[in-house]
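# Descriptive structure summary
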Amino acid sequence: MDVVIEVRDARIPLATTHPKMDSWLGNRRRIIVMNREDMVSADDRNAWATYFSSQGIKVIYSNGQLGMGTMKLGRMAKSAASTVNTRRREKGLLPRPVRAGIVGYPNVGKSSLINRLLKRRMCPAAPRPGVTRELKWVRFGKDLELLDSPGILPMRISDQTAALKLAICDDIGERSYDFADVAAILVQILLRHPAVGSEAFRKRYKIDVDSDCGKLFVTKLSVHLFNGDTTQAAFRILSDFRKGRFGWVALERPPT
Ligand SMILES: Nc1nc2c(ncn2[C@@H]2O[C@H](COP(=O)(O)OP(=O)(O)OP(=O)(O)O)[C@@H](O)[C@H]2O)c(=O)[nH]1
């Protein structure tokens, strides 16, 4: 492909990329899509946009559920690879459609974006072991072709911090983590977050935050609301965060 559209979760743009991404890209152009734009604040969006533009990386915000950003993405993909046809013309070859493919971590919204771009309802499931499926280029407009199935980036099992953030954002399967541990980390992150802090917890759960220890808070909430069941308390905190009940906030800010 000529252009790689790398989809990230706008709440955790660092945890949803892979250190090897640059080397996998080779000479291909890259567009970063910050999906789930509805789940972060305007301040977060601006901070990341400024960061990426300072790195000379093209970035676009999108909402895979509602389709925002997809038309602009199509235009950007075409123009990002316009050099493909300039080079072909120089060699005396006829122009051909620019080829783009979408890649990203599981659950970041790749299929939603493909379906939005191609205006269809279902994206076929990713290849499963033992099932061979053909990858198809689907024409998108006059001079762009899109691979009909997303590429799934492998998880970085060794990076625990990234794994925890993926769990918090519901980007990995529930069976692979412990709710209480993950919720405790989330509490700690949110207590230190300038747009959240302890007051948000006090207001939401009507209990005081006595320390910055997330585990203690999960236990306290479990006693207060769930007869001491820490899993239920943890699940409540995680699901409140995912529903934006602490405000729509990114968990990662650009490196300074
Ligand atoms: N709020 C919100 N939800 C989104 C957005 N984009 C996708 N989703 C939802 O996120 C979930 C995962 O989206 P998918 O498009 O299936 O993600 P995927 O990356 O293709 O997932 P895999 O097939 O597991 O790799 C779905 O429930 C979507 O409806 C978005 O921009 N905002």
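Here goes a summary of the coordinates provided. Since we're looking at a predicted model, the values are computed, not measured. (Residues numbered from 1 in each chain as written. Predicted model: local features only at pLDDT ≥ 70, side-chain atom pairs only at ≥ 80, totals over all residues. Heavy atoms only, no water.)

### Thoughts on the site of the ligand
Contacts to the ligand come from 17 residues, most closely from D38, G64, K110, S111 and S112. Between S111 and the ligand, the recorded distance is 2.7 Å, taken from a side-chain N or O atom to an oxygen atom. If the ligand stood free it would expose 650 Å²; the protein chains cover 72% of that surface. For the shell around the ligand, the element with the highest residue contribution is helix α5 (residues 110–118), accounting for 3 residues. (Near = heavy atom within 4 Å. Polar contact = N/O pair within 3.5 Å; in protein donor to acceptor, adjacent residues only side chain to side chain. Areas by Shrake-Rupley, 256 points an atom, 1.4 Å probe, with all protein chains shown as cover. Helix = DSSP H or I, 4+ residues; strand = E, 2+ residues; numbered from the N terminus.)

### Focus: the packing of aromatic side chains
A full pass over the atoms with the stated rule returns 10 aromatic pairs. Seen from their ring centres, Y51 and F52 are 5.4 Å apart, and the 65° between their planes marks the pair as edge-to-face. By relative accessible area, F52 is classed as buried at 3%. Chaining the aromatic ring pairs together yields one cluster made of F201, Y205, F217 and F246. (Phe/Tyr/Trp six-rings, centres within 6.5 Å; stacked < 30°, edge-to-face > 60°. Buried < 20%, exposed > 50% of the residue type's maximum accessible area, 1.4 Å probe, protein only.)

### Observations regarding unusual backbone geometry
Non-glycine residue N107 carries a positive phi angle of around 70°. Positionally, N107 belongs in the loop between β4 (98–104) and α5. Of note, N227 is a non-glycine position whose phi angle comes to about 50°, a positive value. Assignment of secondary structure puts N227 in the loop between α9 (214–225) and α10 (230–242). Taking relative accessible area as the criterion, N227 reaches 81% and is therefore assigned exposed.

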